[in-house]
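Chain and residue survey
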Amino acid sequence: MISPLPQGELDLTNIPEALRDAIRAQWERFTAAGAPADLQHVLSDRGAARVFAASDFVADSLIRTPTLFDALPLERLARPSQPGDIAAQVEGALDVADEAQLHGALRRVRRREMVRIAWRDLAGDATLDETLGDLSDLADACIDAALRRLSAWHAERFGAVRDADGRPQSLVVLGFGKLGARELNFSSDVDLVFLYPHNGDSDGARSIDAGAYFTRLGQKLIQALDAPTADGFVFRVDMRLRPFGASGPLAMSFAAAEQYYQRHGRDWERYALIKARPVAGDRAAGERLLRDLRPFIYRRYLDFTAFESLRDMKAMIAREVARQGLEGNIKLGRGGIREIEFIGQLFQMIRGGRDAALRTRAIRPVLARLAAAGYLQPAETAALDAAYVFLRRTENRLQMAADRQTHELPVDAGAQLRLAASMGFADWPAFCAALDAHRDTVRAVFDQVFAAPDRPVAGPGDAADAWQTAAAGGDTAAALIELGFGASAAAALKDLQAAGPIQSLGARGRRRLDELMPRLIQAAAVSGKPDAVLVSLLRLVEAVAGRTAYLALLAENDNVLRHLAALAAASPWLLQLVTRVPLLMDELIDPRLFGPAPDRDALAAELATVLSGVDPADQESEMDALRQFQQAAVLRIAVADLSGNAEPQLVSLRLAALAEVVIDAVVRLVRERLVARHGRPMTDDGAGTRAASFGVIAYGTLGGRELGYGSDLDLVFIHDGGEGATDGARPLDNAVFFARLSQRIISFLSTATGAGVLYRVDTRLRPSGNAGLLVSSFDGFERYQLEQAWIWEHQALIRARAVAGDAELIARFAALRRDILCRRRDPAQLREDVAAMRERMRRELAVETQAGFDLKQGAGGLIDIEFLVQYWVLCHAHAHPELIQATDNAGALERLAALNLIDPAAAAELAAIHRNYLARIHRLTLEGWGAVAAGEEFHDMRQTVLAHWRAVFR
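Residues numbered from 1 in each chain as written. Predicted model: local features only at pLDDT ≥ 70, side-chain atom pairs only at ≥ 80, totals over all residues. Heavy atoms only, no water.

**Observations concerning the overall build of the protein chain**
Within the protein chain, the regular secondary structure consists of 40 helices and 14 strands. Across its three principal directions, the C-alpha atoms of the protein chain cover 115 × 85 × 65 Å. Taking all 954 residues of the protein chain together, the buried fraction comes to 55%. Restricting the contact set of the protein chain to residue pairs at least 6 apart, pairs at least 24 apart contribute 73%. Approximately 39100 Å² of the protein chain is accessible, and the part contributed by carbon and sulfur atoms is 51%. Mean positive and mean negative side-chain charge positions of the protein chain (111 and 124 charges, respectively) differ by 2 Å. (Helix = DSSP H or I, 4+ residues; strand = E, 2+ residues; numbered from the N terminus. Buried < 20%, exposed > 50% of the residue type's maximum accessible area, 1.4 Å probe, protein only. Contact = heavy atoms within 4.5 Å. Areas by Shrake-Rupley, 256 points an atom, 1.4 Å probe, with all protein chains shown as cover. Lys, Arg positive; Asp, Glu negative; His and termini not counted. Charge placed at Lys NZ, Arg CZ, Asp CG, Glu CD.)

Structure representation (structure tokens):
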């Protein structure tokens, strides 16, 4: 127990002089009403002076019922509530036999708990989050406990409504707004929506349909909470957020609600559903419904239509504030609570479909995420958070004064002093100064975030006039020529106007297009390649016009337009990628876009975050999420390449790291599904039964970490499953399990979805090529490599490495690779075999012309360097096993030179040429071309390579 003070006197030391007489009078009334002496001592010790100074509601409640705390363990004034405390208090107070008794008991326990919550808050013993959490828990407990009793009485009269399997259904109560977010303020309404899972009829003597059944039950619940009695009310109930608002049915089936949101749902309803939470009834069913509604709430793309919607909502609120003279309203007024919520929920609506960390109901975690993800500056979010705490404390203390719903600052001097003192200020001016500073900060960030984009400064000519003329069907040639365009630009604009997606735009979409196009024309005009860039951007606009959210994104973000114009000028390949996958436009807002190319750890962490927001049961969503992640990462790597922030070898390393991260995730996801269905593949290795292992081996450019943009992946799959089978309820032979696993990995990687393709997969380097099994047992792979493999297959093994799978099998593969590559070989025979294979490849694969040089397969090209390196490694690895540690050409050349196996100057020369070839291939791909350069561009380099080739393979 708390040790009471030796006397029950009030400590008025820190109370303003003007408030002391009123506090003494209240305390005397309390003691005169018969408050036990020990209770007086405890309360005086627990800050009674501060509490009575701030709240007539608390004082009057205790004067009216001095024994109010009899059923309350007084330790609860000294400590935060523990999970279940409040629910237990409510449950214990509701030993009732009928609705009338329920109404009275609910109101009495509500008053007792509200006094306790106010006391802890006003005495300075509770954080804001504790106060808001207790208020929300109290509402949850009252609603749920009342519903359970009412449901039981309702079933006695009408029976139960059952689903198709005969299970009784329960009303689902969703809490919206502050209740849904567990941020309920002291005298708040509760925003509720009533739903039920399935239609049907009740099975009682008086059978009624589900709609009528749950409507009557909902009406009973509202009366239990909202109806005023001699004991007051529990919570005022607001049902206007339900589908169709006040004109809609009070209770609605899940199917009808989903249909409503799909057909009629408006942006403000998405905004409201962000905070929705099941608070009573069948909460599991409520969570399932909210998961089903997630695509409506959170769009897969960055949804910049939210700007317009929230600007409109804020403008409507501002008009109402002005009309009613509510400038002193700390919720709706300038820099108030609603503006902080709008900032957070704007980012939730725009980015919540892509950033799972933003799908949280409470505003403070959202602010923390905005800082962590770089959407806002940490100093801004810290200031918003501090303002939120200050404003919400002020709101609660305004309402705790008389348990009255108000957000208006008082005008009476005495009430002003009471509020200031409750907030820890000596007087009203000091409080107002702090309040104004917070509101100014909030308004500054709000204005910055919600600022409408300015018109671009026009260059020569006027882009807006050019677009207006084009939209009216006029001749835009002269205006476009003034802007620096050629004759083809006017025709391109005319074609856009005639395009089907543009013709189909509604009024809202057309308005967004009209906002966008002058900016787009201007961005193309200053790009350096105006005609080509304009044509590319117009193709993009035509591709995304059906999704007006993308038009909004472009219209809202001049930076995105500039970035798109720069991409169109520098890399048609990238702009075509964005046109095929408009979701990539989202990345053009990300500040990381122009930073260093992400490394493997960063990519792995980012992918883990992406997949954490996807339902594991939804493979299609996983496939789309992986594709979007991969495409976004390629875009960032390419931008780093184009801007000079990444050397050619680093570009290849990053592309290879990206592929490895994706393959590893795909193997894990596919394997988990197969194991869940069939169990783990088990094998007996002589020492006992164990789980069989699996591995993915990368060859070629991925194995050598020299991957290019759009490169295929050369993969080989191995396992050590032996003759065993899986241990699940639906067992499979291990060979079948691993064959299915490999097939599904390839399908996951290479199947085209709405989000595109991850990678094309080539498995022809497996034992026996296309004629061989898709996945090899390790023993079979070993036998093939030792007994049947051609020399070119051992050349390929130099660039092979495991990129996913089980550590034990990966180690066995590494040991086998070492044994094979470190064999002693006849140099003359090796030279002959390597040269013959190279000649065959050049003859069959090179695409050279008299004017062009195939950088990969042409004479003196990349493959010649690779074959030289492979020849040297196979020649010397028996004596120098460290040579096989490098699977990339540059690393192998460095080791060969360090061991003096080749001339260091020759190694450096070949490595430099290899880098130049690789860089040019990267750039040609980004420019939309194949790996064929102008014939004379690399004349000296290819002659150098050929000289080295002839010196070895003469």
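**Considering the packing of aromatic side chains**
This model, assessed by the stated rule, comprises 26 aromatic pairs. Geometrically, the ring pair formed by F390 and F431 is stacked, given 5.7 Å between the ring centres and 20° between the ring planes. With F390 in helix α16 (residues 378-400) and F431 in helix α18 (residues 428-450), this residue pair connects regions lying 41 residues apart in the sequence. The interplanar angle of 90° and the centroid separation of 5.3 Å between the aromatic rings of F737 and F738 together place this pair among those described as edge-to-face. (Phe/Tyr/Trp six-rings, centres within 6.5 Å; stacked < 30°, edge-to-face > 60°.)

**Remarks on helix α39 (residues 904-926)**
Note that an α-helix has 3.6 residues per turn; residues three or four places apart therefore point the same way. Between the first and last C-alpha of α39 there are 33 Å, a value that for 23 residues agrees with the 33 Å anticipated at 1.5 Å per step. Positioned one or two residues after α39, G928 has a phi angle of 90°, which is positive. (Expected span 1.5 Å × (residues − 1).)

**A few points about the pattern of salt bridges**
Scanning the model with the defined rule gives 60 salt bridges in all. Residue E341 is joined to R338 by a salt bridge in which the shortest nitrogen-to-oxygen separation is 3.2 Å. Highlighted residues: E341 and R338, both in helix α14 (residues 337-351), separated by 3 residues, approximately one helical turn. Relative accessible area serves as the criterion here: at 17%, R338 is assigned to the buried category. Salt-bridge contacts for E844 lead to R840; the nearest nitrogen and oxygen are separated by 3.3 Å. Residue E844 and its partner R840 are located together in helix α36 (residues 827-845), separated by 4 residues, close to a single helical turn. Each of E91, D144, R148, R149 and R283 takes part in salt bridges that share partners, so that together they form one network. (Salt bridge = Lys/Arg side-chain N within 4 Å of Asp/Glu carboxyl O.)

**Some words on the packing of helix α30 (residues 648-678) against helix α32 (residues 734-750)**
Running from amino to carboxyl end, α30 crosses α32 at an angle of 135°, the nearest separation of the two axes being 9 Å. Looking at the two axes, α30 sits oblique to α32. For the element pair α30 and α32, the recorded crossing hand is right-handed. Between α30, through V662, V666, V667, L669, V670, R671, L674, V675 and H678, and α32, the contact on the second element is made entirely by F737, R740, L741, R744, I745, F748 and L749. Grouping the constituent residues of the contact of α30 with α32 by class yields 12 nonpolar, 1 polar and 3 charged. (Axes fitted to C-alpha atoms, helices over the stretch in contact; angles between N-to-C directions. Parallel < 35°, antiparallel > 145°, perpendicular 65-115°, else oblique. Left-handed = near helix turned anticlockwise from the far one by under 90°. Nonpolar A, V, L, I, M, F, W, Y, C, P; charged D, E, K, R; others polar.)

**Notes on the pairing of strand β9 (residues 713-719)**
Within β9, 7 of the 7 residues are buried, which leaves the element mostly enclosed by the surrounding structure. What you see with β9 is no split at all: L713, L715, F717 and H719 on one side and D714, V716 and I718 on the other are buried throughout. Pairing between strand β8 (residues 694-699) and β9: 6 bridges, direction antiparallel. Directly across from V696, in β9, lies its bridge partner F717. In this sheet, strand β10 (residues 761-762) lies alongside β9 in parallel orientation, the contact comprising 2 bridges. If you follow L713 over to β10, its bridge partner there is V761. Once you follow β9 into α32 and on to β10, the crossover reads as right-handed. (Pairing = 2+ DSSP bridges. Right-handed = clockwise from strand over helix to strand, strands pointing away.)

**Points about the environment of M313**
Checked against the element boundaries, M313 lands in helix α13 (residues 305-324). Residues within four places of M313 in sequence aside, it is in contact with W268, Y271 and F342.

**What about helix α6 (residues 99-122)?**
With 24 residues, α6 should reach 34 Å at 1.5 Å per residue; the first-to-last C-alpha distance of 34 Å fits that figure. Counting buried positions over the 24 residues of α6 gives 19, a clear majority of the element. Between the side-chain oxygen of the N-cap and the backbone nitrogen of A100 there are 3.3 Å, and the N-cap of α6 in question is D98. Backbone geometry just after α6 places G124 at a positive phi near 85°. (Polar contact = N/O pair within 3.5 Å; in protein donor to acceptor, adjacent residues only side chain to side chain.)

**Considering the nonpolar core**
Of all hydrophobic cores here, the largest spans 107 residues; its most connected members are M517, I521, L564 and L626. At 15 residues, α30 tops the list of elements feeding residues into this core. When near neighbours in sequence (up to four residues on either side) are disregarded, I521 contacts A463, W467, L480, L483, F485, L493 and L534. Core analysis: the second largest hydrophobic core is formed by 81 residues, V90, L122, A139 and A280 among them. (Core = buried A, V, L, I, M, F, W, Y, C linked by side-chain atoms within 4.5 Å.)

**A closer look at the environment of G133**
Topologically, G133 is positioned in helix α7 (residues 128-158). Given a relative accessible area of 8%, G133 falls into the buried group. Separated by 569 residues in sequence, G133 and L702 place their C-alpha atoms 52 Å apart.

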